[in-house]
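Each chain, letter by letter, is given below.
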Amino acid sequence: MKRFEKFVKSKKSVSLMCTVVAAVLVGGYVLAHLLGNFSEKLNITPASIASDVEYEFYDAYIFRNETVVESEYSGYRLDLVADGDMIGIGTEFARVYNTPEDKDKRDSIEAIDQALALLEKCRRELNSSGINEARRVLTEGYRALTEQLAKKDTAAAVKYKVPITEAISMLSVNQGSTQAVKQNIERIDSEIEKLRGERADIVSSLGEIYESLTAEKTGYYYSGTDGYEGTMSSTGITQKTLGELLSAIDALDSAPTVSPTSVGRIVYDPRWYAAVPISAEKLSQYKNQNDKINYGSYTVDFYDGGWQRTEMTLEAVIEEDGEDQIILLFSSNAMKIGFSGGRERRVRVLMNEYEGLRVPKDAIFIKNKDGECQKADKLDRNHTEYGVFVLTYGTVEWRQIEMIYIADTYVLAKTSGGEGDGPWLLHNESVIVGGRDLYDGKTVD
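The residue count restarts for each chain, going from 1 along the sequence in the order it is written. In view of the model being predicted, local features appear only for residues whose pLDDT reaches at least 70, and side-chain atom pairs are presented and counted only at 80 or more, with totals across whole chains, interfaces and linings using the full set of residues. The side-chain quantities take in all heavy atoms of the structure and omit both hydrogens and water.

Excluding glycine, a negative phi dihedral is what most residues carry, and trans is how most peptide bonds are arranged. At Asp291, a residue that is not glycine, the phi angle is positive and equals roughly 65°. Secondary structure elements follow DSSP: runs of H or I of four or more residues count as helices, runs of E of two or more count as strands, with numbering from the N terminus. Position of Asp291 relative to the elements: it lies in the loop between strand 10 (272–279) and strand 11 (296–303). For the exposure calls, accessible area comes from a 1.4 Å probe over protein chains only, and a residue counts as buried if that area is under 20% of its type's maximum, exposed if over 50%, partly exposed in between. Note on Asp291: relative accessible area 53%, which makes it exposed. Within the chain, Tyr393 stands out as a residue other than glycine whose phi angle is a positive 50°. Relative to the helices and strands, Tyr393 is located in the loop between strand 17 (386–392) and strand 18 (395–400).

Below, the structure is given as structure tokens:
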């Protein structure tokens, strides 16, 4: 009997001990969660206003109305104007000398002309904007000049970088006073005069002038020819068929015939065209809600070691029934320096510009029909149940967003909300990126 009473007491003790342990564990679990709520570290980012752009990238083919200039003589050709310069009636734009082509002399004259243009631009900036802007212009120009001269192997051409480096050094030492600006201008004037003298000496060594070429009417001059002036002519281009344009583009793969007596070409009509072949299915991007083509102004950037922005007009869409390829025909009156080289250019067309609240993709959740939120893996602008959690005075709150643009790591959301119940994300609210077990009303420290 006594042995049985001891056994009962022992069993009660074990049971009591288990109860205590369980209570401690439950209390610890609850306490841990409570403490977790108040001590959880969250990554916060403000919903700032940001902007972005959307481009379509294509290959474009340049068509111009060009007249090839021929010389009666074969000899050294000296261009008197830069590529793309406008020339008036009677303007002398080139000379042909009775000496054979001399690469060193040509490279030297070209380098001098580039150095002179850069120094003269720097001088203008000194007068108008001051030393800092002049130094920036000179530094950027020097970088471009260096890249061009690196393609040449003549010491005579490379030496004309020296006046530019000296001018950059000079502008870096003298900072801003009126006296310093005056001294800089005097030094640059001296360098310009020196370079002009060296250029005159080289030109005088070229010998007798065979022929002086002058413009019969106003136009834009480009040195040299490529043999495609007829094939890539813009005359009547809007009336050409899809097949005719594609044949002209395909002809660029064939070696052209260039006349040995051709000097250059003059563009008398400033309007030039960029023919952009695209797949027919992409034409919808250029249509409005009424399924009509949006003719008119477009921003088109041309790549030439950097993007050159040009405002162009979509003049025509060249298409044929049953063809899965069409041509967008853009035009412009702005003659771009440097467009003389090459008929094919990589372009990007600005399709849309966006401004909205920048939200990291990692912060976006999607709400299902039951009101439960889960991380959004794939984003679709047409879906309206996306949102984020924000932290407001220690409380987690739900904010709905309507996306207008999706980038690689973030989206842009409307600043004024959209269709749905809301509440909507506001400018500069603290968006939570990461965090665990987030829900509307959760308190955190």
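Residues Ala274, Tyr286, Val300, Phe302, Leu328, Phe330 and Val349 are the most contacted members of the largest nonpolar core, which totals 22 residues. Broken down by secondary-structure element, the contributors of at least two residues to this core are strand 2 (49–63), strand 10, strand 11, strand 12 (307–318), strand 13 (325–332) and strand 14 (344–360). Here this core takes 4 residues from strand 10, the largest share from any one element. Note on definitions: a residue-residue contact is assigned when non-hydrogen atoms from the two residues lie within 4.5 Å. Those residues in contact with Ala274 that sit more than four places away from it in its chain are Ala60, Tyr61, Ile62, Phe302, Met312, Leu328, Leu329 and Phe330. Core analysis: the second largest hydrophobic core is formed by 17 residues, Val359, Ile364, Ile401 and Leu425 among them. Residues grouped as a nonpolar core are buried Ala, Val, Leu, Ile, Met, Phe, Trp, Tyr and Cys residues, joined through side-chain atoms within 4.5 Å.

The subject of this paragraph is the sheet that holds strand 9 (residues 262–267). Reading across from one edge, 3-9-8-5 is the order of the 4 strands in this open sheet, with antiparallel pairing throughout. Every interior strand has two partners, whereas the edge strands, strand 3 (66–70) and strand 5 (86–87), have only one. Strand pairing is assigned whenever DSSP detects at least two bridges linking the two strands. The pairing of strand 8 (residues 219–223) with strand 9 spans 4 bridges and is classified as antiparallel. Following the sheet pairing, Tyr221 is matched in strand 9 by Ile266.

Moving on: the packing of aromatic side chains. Under the pairing criterion, centres of Phe, Tyr and Trp rings, with the six-membered ring standing for Trp, must be within 6.5 Å; the plane angle then separates stacked pairs below 30 degrees from edge-to-face pairs above 60, leaving the rest tilted. Counted by the stated rule, this structure contains 12 aromatic pairs. Relative to Phe330, the ring of Tyr298 lies with its centre 5.8 Å away and its plane at 80°, an arrangement referred to as edge-to-face. With Tyr298 in strand 11 and Phe330 in strand 13, this pair connects stretches of sequence that are 32 residues apart. Taken together, the ring pairs in this structure connect Tyr55, Phe57, Tyr303 and Trp307 into an aromatic cluster.

A few words now on the pairing of strand 9. Burial analysis of strand 9 places 6 of its 6 residues in the buried class, which makes it a mostly covered element. As defined by bridge partners, strand 3 adjoins strand 9 across 5 bridges and the pair is classed as antiparallel. Across the sheet, residue Thr67 finds its bridge partner in strand 9, namely Ile266.

So, on to the sheet that holds strand 7 (residues 209–214). Read from one edge of the open sheet, 3 strands run 4-6-7, paired in antiparallel fashion. The sheet is open, and its two edges are formed by strand 4 (76–79) and strand 7, each paired on a single side. Each neighbouring strand pair of the sheet contributes to a mean axis angle of 20°, computed without reference to strand direction. Under this scheme, a helix contributes an axis fitted over its contacting stretch, all axes are lines through C-alpha atoms, and angles between N-to-C directions fall in the 0 to 180 degree range.

Together, Glu244, Glu281, Glu319, Glu320, Asp321, Glu323 and Asp324 make up a region of like negative charge exposed at the surface. Relative to the helices and strands, Glu244 is located in helix 7 (residues 242–250). Judged by relative accessible area, Glu244 falls into the partly exposed class, the value being 44%. In this scheme, patches are assembled from residues that exceed 30% relative accessible area and form no salt bridge. Like charges are connected within 9 Å, while nonpolar side chains (Val, Leu, Ile, Met, Phe, Trp, Tyr) are connected within 5 Å. Methods summary: accessible areas were calculated by the Shrake-Rupley approach with a probe of 1.4 Å, and residue burial reflects only the protein chains presented. Salt bridge criterion: a side-chain nitrogen from Lys or Arg within 4 Å of a carboxyl oxygen from Asp or Glu. Charged-residue counts in this description rest on Lys and Arg as positive and Asp and Glu as negative, His and the chain ends being excluded. Think of each charge as sitting on NZ of Lys, CZ of Arg, CG of Asp or CD of Glu.

Here the focus is the environment of Pro423. Among the structural elements, Pro423 can be located in the loop between strand 20 (410–413) and strand 21 (430–433). Judged by relative accessible area, Pro423 falls into the partly exposed class, the value being 45%. Beyond its immediate chain neighbours, meaning those up to four positions away, Pro423 contacts Trp398, Arg399 and Gln400.

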